[in-house]
Amino acid sequence: MKHKKWMTDGRGIVALLLLTGGLMLVGCESDPVAPQDELPQLTEQEAAQQAAIVAVGLAKVGPELLKFSGLKAGPAELGIYPYEFPSGGDITGSIMLEYFDGGPGGTHSHWNDADYGLLYSPSGEVVTLALDLGFGFEVSVDLTFDLAGPIDRAADTATVTGSGTLASGDETTGFTISETDPVVLSGLSAYPSGGTLLFTIDGIQLEVSYDGDDTAAVTIADVVTFMIDLDTGIVTPVT
Amino acid sequence: MRLFSWSGRFPGWRGNARIGMTAVLVVGLVMVGSTDAARADSLQQLMEQVGPEYAKAYASPFIHTFGPNQNSNLYSTANIPFGKLVFGFGVKVMGTYMNEEDQSFRKVVQIDDLGVLDPDNPDLDGVSGTAVMSGPTIFGSTADEDIGQIDFYSNGVYLGSVDGITGFWETRWAPLFAPEAYIGGILGFKFTLRYLPTMSVGDLENITYMGYGLQWSASGLLDNFPVDLMVGFFSTKLDVENTQGLGQDKLFDSEANSYFVAVSKSWPALTVYGGYALEDSKMDVSYYYEDENFPALTQQVNFSVDGRQESRFTAGVTLDVLVDLNLEAGFGDLTTYSAGVMLGF
């Protein structure tokens, strides 16, 4: 009976109110009401387009490892050369070039004596690539590179592996070069003679393969799905 | 007329003297614009710089907190006499404490035809894209470096950006205050009125506010019941005048309604109360968006948003020492705190 009175004389309700209020004061937070939309999932073609931009950028920037000459160098230590792309072209920004004699464990050497080289973006620096992708105006993307590999001066080729990034607006995409199929850059050609770039973009795995001509193939799930025009960066579905 | 300069590199767009654009969207028409002076002197001037999709997202914390504020502190006891005239007056102050996320937003809108952005560029005809609007909300950062922006993408490629606007008032509290008067005590009824004469508060000009409600307490019929019981409703309207003088009467026009049941227990000088309410709110936003450089982009902007909160639990305490002082917390989708000081007779 005593318990029942406690329930009916109001003390129980008061205690419940106080308890509820106290708990809520401690633990309640307003739900968010402002929209926080996720960025839309990229389609395969959109992912391929991002990979295509990287493929074009690597084909344009990579050969500098071979084409660089002392005439382009400013004051520098032996074998370590900063290089800034000349203004007015479709590439702007700067990269670092390092040359070695005796392979990757060798000593820095004059650029022309090297059998091994590095091409990389200095910390915080990007290379900006402008492309006309058919929108009626050029779009710009920022690229970084971290490449390394043996140089064959006689053949004028460099066989590089490594990685890099593509920043397009708020989106950043990474890529790596296949260890088993490194990219073969040529000082005489704008198109790598071989090699495969690996991407995972928005969950889509893509491989971009160079073959020495002005196109590169985009493979998704073991199927060649798109072709890249290495001059324009435009992607075309394979029908 | 070329509506948008696509030439040059897109990062160069940011900070252009004035840029306007329009895009036909799946969900309707969005218009955004920008000036080199994105900081403006008033909220209205800020809103005038953006189209409805941006404005909806930007103003969403303001829109969704207004209703809960207006529906706060509607009672401080469930006891109303059956045969004793009571009346009083005072002031209520409310504040909704927003989630930290509400100081910024990101709104993604699909664009069916980018060609609408630049009719002089045939390459864009029929090209679809995405607009990603992001930045501070109305209660977000007011710093120029945190200005909002609209990024455009197509085929996975970033095309460029234009500036949005800064926040208006950086805070997590959305406040409201209201003078209130009541009269009742006959057969358990009480009529309550909230009213503000037309006034300006900060940068909000010509605010008008009025609310009214009726409560009925069963206390007179339930003499031996351990607590007091009460039901009631309250309806309020709050609007802010549009001072553009271009045919829009109201920049913001809001209304809120609450239907509640309450219970309270009183001791000398102390009342503890609580309740549950079903509520709704709505805000209409109207302004005239004018692009001085590109008159074709000028349009009337009108949109209406229903408030998120549809119910709440209330817990409060009232101290009766010379005046009635009550403190209250309301818990629904949003958490609202309020206080009132009433002089009753």
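Nothing here was measured: the structure is a model prediction, and the numbers come from that model. (Residues numbered from 1 in each chain as written. Chains lettered and ligands numbered in written order. Predicted model: local features only at pLDDT ≥ 70, side-chain atom pairs only at ≥ 80, totals over all residues. Heavy atoms only, no water.)

Caption draft 1: Seen up close, the overall build of chain B. When you go through chain B residue by residue, the secondary structure sums to two helices and 17 strands. Within chain B, the fraction of its 345 residues that count as buried is 57%. Surface exposure of chain B reaches about 13700 Å², of which carbon and sulfur atoms provide 57%. (Helix = DSSP H or I, 4+ residues; strand = E, 2+ residues; numbered from the N terminus. Buried < 20%, exposed > 50% of the residue type's maximum accessible area, 1.4 Å probe, protein only. Areas by Shrake-Rupley, 256 points an atom, 1.4 Å probe, with all protein chains shown as cover.)

Caption draft 2: Examining the overall build of chain A more closely. Counting its secondary structure elements, chain A contains four helices and 14 strands. Every one of the 239 residues in chain A was classed for burial, and the buried ones make up 46%. Contacts spanning at least 24 positions in sequence make up 45% of the contacts within chain A whose residues lie at least 6 apart. (Contact = heavy atoms within 4.5 Å.)

Caption draft 3: Structural context of the side chain of Q50(A). Residue position: Q50(A) is located in helix α3 (residues 44-61). For Q50(A), a relative accessible area of 2% corresponds to the buried category. If near-sequence neighbours (up to four positions away) are discounted, Q50(A) is found in contact with L42(A), L166(A), E171(A), T173(A), I201(A) and G156(B).

Caption draft 4: The arrangement of the packing of aromatic side chains in detail. Evaluation of the coordinates by the stated rule reveals 25 aromatic pairs over all chains. Residues F68(A) and Y99(A) carry aromatic rings whose centres are separated by 6.1 Å and whose planes lie at 20 degrees to one another, so their mutual orientation is stacked. Remark: Y99(A) occurs in strand β2 (residues 91-101) and F68(A) occurs in the loop between α4 (64-67) and β1 (80-84); sequence separation between them is 31 residues. Of the residues examined, F68(A) reaches a relative accessible area of 1% and is grouped as buried. Ring geometry for F62(B) and F252(B): centres 4.7 Å apart, planes at 65 degrees, overall edge-to-face. (Phe/Tyr/Trp six-rings, centres within 6.5 Å; stacked < 30°, edge-to-face > 60°.)

Caption draft 5: Layout of the pairing of strand β6 (residues 149-154) of chain B. All names here are of chain B. In terms of burial, β6 is a largely internal element, six of the six residues being buried. The sheet contact formed by strand β5 (residues 129-136) and β6 spans five bridges and is antiparallel. Bridged to S134 within β6 is Q149. Two strands pair when backbone bridges link them, and β6 and strand β7 (residues 157-163) are joined in this way by six bridges, in the antiparallel orientation. Paired with D151 across the two strands is S161, which belongs to β7. (Pairing = 2+ DSSP bridges.)

Caption draft 6: Representation of the interface of chain A and chain B. On the chain B side, the residues contacting the 46 residues of chain A number 55 residues. Between chain A and chain B lies a buried interface of about 4100 Å² when both sides are counted; carbon and sulfur atoms form 59% of it. For the chain A face of the interface with chain B, the top three residues by lost area are V33(A), F135(A) and F137(A), together amounting to 17%. Run the count over chain A and chain B and you get one salt bridge. Between E29(A) and R172(B) there is a salt bridge, and its shortest N-O distance comes to 3.2 Å. Run the count over chain A and chain B and you get 16 residue pairs in polar contact (both at pLDDT 80 or more). Of all the secondary structure elements, the ones that give two or more residues to the side of chain A that touches chain B are α2 (11-27), α3, β5 (127-132) and β6 (138-152) of chain A. Counting residues per element, the side of chain A that touches chain B draws most heavily on α2(A), which supplies seven residues. Residues belonging to the side of chain A that touches chain B are distributed by class as follows: 20 nonpolar, 16 polar and 10 charged. (Buried area = accessible area lost by both parts, 1.4 Å probe. Salt bridge = Lys/Arg side-chain N within 4 Å of Asp/Glu carboxyl O. Polar contact = N/O pair within 3.5 Å; in protein donor to acceptor, adjacent residues only side chain to side chain. Nonpolar A, V, L, I, M, F, W, Y, C, P; charged D, E, K, R; others polar.)

Caption draft 7: A look at the confidence of the model for chain B. Residues and elements named next belong to chain B. With 81% of its residues at a pLDDT of at least 70, chain B reaches an overall mean of 80. Per-residue pLDDT stays below 50 along residues 1-40; that stretch engages in 147 contacts with residues further than four places along the chain or on separate chains. The ipTM assigned to the predicted complex is 0.80, against a pTM of 0.77. (pLDDT = per-residue confidence, 0-100.)

Caption draft 8: Highlighting helix α2 (residues 52-70) of chain B. A59(B) marks where α2(B) bends most, by close to 60 degrees; the proline P61(B) follows one to four residues later. Buried residues dominate α2(B), accounting for 18 of its 19 residues. (Bend = angle between axes of the 7 residues up to and from the residue.)

Caption draft 9: A negative patch on the surface, seen in detail. A surface patch of negative charge is lined by D132(A), E138(A), D123(B) and D125(B). Along the chain, D132(A) falls in strand β5. The partly exposed category is assigned to D132(A), whose relative accessible area is 44%. (Patch = residues over 30% accessible without salt bridge, like charges linked within 9 Å, V, L, I, M, F, W, Y side chains within 5 Å. Lys, Arg positive; Asp, Glu negative; His and termini not counted. Charge placed at Lys NZ, Arg CZ, Asp CG, Glu CD.)

Caption draft 10: Spatial organisation of the pattern of salt bridges. Within this structure, the stated rule accounts for seven salt bridges over all chains. Residues K60(A) and D90(A) are paired through a salt bridge, measuring 3.1 Å at the closest nitrogen-oxygen approach. One end of the pair, K60(A), is in helix α3; the other, D90(A), is in the loop between β1 and β2, with 30 residues separating them in the sequence. Exposure remark for D90(A): the relative accessible area of 31% places this residue in the partly exposed category. Linking K237(B) and D253(B) is a salt bridge whose minimum nitrogen-to-oxygen distance equals 3.6 Å. Of this pair, K237(B) sits in strand β11 (residues 228-241) while D253(B) is found in strand β12 (residues 250-267), placing the two residues 16 residues apart along the sequence. We classify K237(B) as partly exposed; its relative accessible area is 41%. A network of salt bridges, in which partner residues are shared, links K92(B), E180(B) and R194(B).

Caption draft 11: Main features of the pairing of strand β10 (residues 196-201) of chain A. All names here are of chain A. Examined bridge by bridge, strand β8 (residues 171-177) and β10 share three bridges and lie antiparallel to one another. Residue F175 lies in a different strand from β10, and its bridge partner there is F199. Hairpin connection from β10 to strand β11 (residues 204-210): two residues lie between these consecutive antiparallel strands, with D202 at a positive phi of about 55 degrees.

Caption draft 12: Region of interest: the side chain of Q149(B). Residue and element names in this part refer to chain B. Tracing the sequence through the fold places Q149 in strand β6. Accessibility expressed as a relative area gives 17% for Q149, which makes it buried. At a separation of 2.7 Å, a polar atom in the side chain of Q149 contacts the side chain of D151.

Caption draft 13: Molecular detail of α3(A). Between the first and last C-alpha of α3(A) there are 26 Å, a value that for 18 residues agrees with the 26 Å anticipated at 1.5 Å per step. Burial analysis of α3(A) places 15 of its 18 residues in the buried class, which makes it a mostly covered element. (Expected span 1.5 Å × (residues − 1).)

Caption draft 14: Structural context of unusual backbone geometry. All names here are of chain B. Phi angles above zero are rare outside glycine, and N73 is one such case at about 55 degrees. Tracing the chain through its elements places N73 in the loop between α2 and β3 (83-97). One non-glycine residue, N155, lies in positive phi territory at about 55 degrees. Along the polypeptide, N155 turns up in the loop between β6 and β7. Its relative accessible area of 24% is what places N155 among the partly exposed residues.

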